[in-house]
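Summary of structural features
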Amino acid sequence: MQCEEKLEVFENGFEDGKFNLRIEYYGKDARKLLLAIIRELYLPDYGEDYVYPFECAKEFWGIYMDPSEIRAEEPRLAPVKFLNQSILNRLEKALSEIDAPAEVKEAIEVEKAEVAKLGKGLLALGKSFILDERGYLFLFNKPSARELILKYLGMLDES
């Protein structure tokens, strides 16, 4: 669905031509996190009162979410010092349990990613993906998207 001249929202993500940004997710529902990112991107253009792309995406996804529910936080990542087989196995298991196309899963190189502990599990942080051991996989096309996703990752704890 076209929510703004250059913002297209689809079932599991969005693509924005204005910011040249595409983010998709697989696994557990992460649409609230995507809504928070869309709102942040367009807030400077629209102001606090009514961020049209945010409202449009909410309607398309059938989600009620008040802007006051959005909470950004600095992620407390604890980098894993040694990537051992046990950690790789945990991440590979998490990836195998996520419902995503085979070609998407095959493109994820967990062994080349930075691995960090985040409260409730492990994160594999790649150049174009984040794999959360809790059952989330995010794919993106720009490195700056990684920081946006990490900023709102805590919102998924309530889902």
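Here, the structure is the one placed above.
Described below are features of the structure shown in this document.

What counts and what doesn't
Residues numbered from 1 in each chain as written. Predicted model: local features only at pLDDT ≥ 70, side-chain atom pairs only at ≥ 80, totals over all residues. Heavy atoms only, no water. Axes fitted to C-alpha atoms, helices over the stretch in contact; angles between N-to-C directions. Helix = DSSP H or I, 4+ residues; strand = E, 2+ residues; numbered from the N terminus. Parallel < 35°, antiparallel > 145°, perpendicular 65-115°, else oblique. Left-handed = near helix turned anticlockwise from the far one by under 90°. Contact = heavy atoms within 4.5 Å. Nonpolar A, V, L, I, M, F, W, Y, C, P; charged D, E, K, R; others polar. Salt bridge = Lys/Arg side-chain N within 4 Å of Asp/Glu carboxyl O. Buried < 20%, exposed > 50% of the residue type's maximum accessible area, 1.4 Å probe, protein only. Core = buried A, V, L, I, M, F, W, Y, C linked by side-chain atoms within 4.5 Å. Pairing = 2+ DSSP bridges.

1. Re the packing of helix α1 (residues 31-46) against helix α5 (residues 143-152)
Where α1 meets α5, the closest approach of the two axes is 9 Å, and the angle between their N-to-C directions is 120 degrees. Comparing the axis directions of α1 and α5 gives the class oblique. For the element pair α1 and α5, the recorded crossing hand is right-handed. On α5, the residues that touch Leu33, Ala36, Ile37, Glu40 and Leu41 of α1 are Leu148, Ile149, Lys151 and Tyr152. Class assignment for the residues of the contact of α1 with α5 results in seven nonpolar, no polar and two charged.

2. Examining the pattern of salt bridges
Considering all chains together, one arrives at 13 salt bridges under this definition. The salt bridge partner of Glu133 is Arg90, with a shortest N-O separation of 2.7 Å. In this pair, Glu133 sits in the loop between β8 (129-132) and β9 (136-140) while Arg90 sits in helix α3 (residues 85-97), placing the two residues 43 residues apart along the sequence. By relative accessible area, Arg90 is classed as partly exposed at 38%. As a salt-bridge pair, Asp132 and Arg134 come within 2.7 Å of each other at their nearest N and O atoms. On the basis of relative accessible area, Asp132 is assigned to the buried category, the value being 1%. One network of salt bridges, in which partners are shared, links Glu15, Arg22 and Glu24.

3. Regarding the nonpolar core
Judged by nonpolar contacts, the single largest core of 39 residues is most densely connected at Phe14, Ile23, Leu33, Ile37, Phe138, Ile149 and Leu153. For this core, the secondary-structure elements that each account for two or more residues are β2 (7-10), β4 (21-27), α1, α2 (52-61), β7 (121-125), β9 and α5. Counting residues per element, this core draws most heavily on α1, which supplies eight residues. Beyond its immediate sequence surroundings of up to four residues, Ile149 is in contact with Ile23, Leu33, Ile37, Ile130, Phe138 and Phe140.

4. Considering the pairing of strand β3 (residues 13-16)
Here β2 runs beside β3; their pairing, made up of four bridges, is antiparallel. By the bridge assignment for β3, Leu7 is matched with Asp16. In textbook terms, the turn of a hairpin is the stretch between consecutive antiparallel strands, and for β2 and β3 this stretch comprises two residues. Note: β3 against β4, four bridges, orientation antiparallel. The partner of Gly13 across the bridge, within β4, is Glu24. Between β3 and β4, which pair antiparallel in sequence order, lie four residues; one of them, Asn20, sits at a positive phi of approximately 50 degrees.

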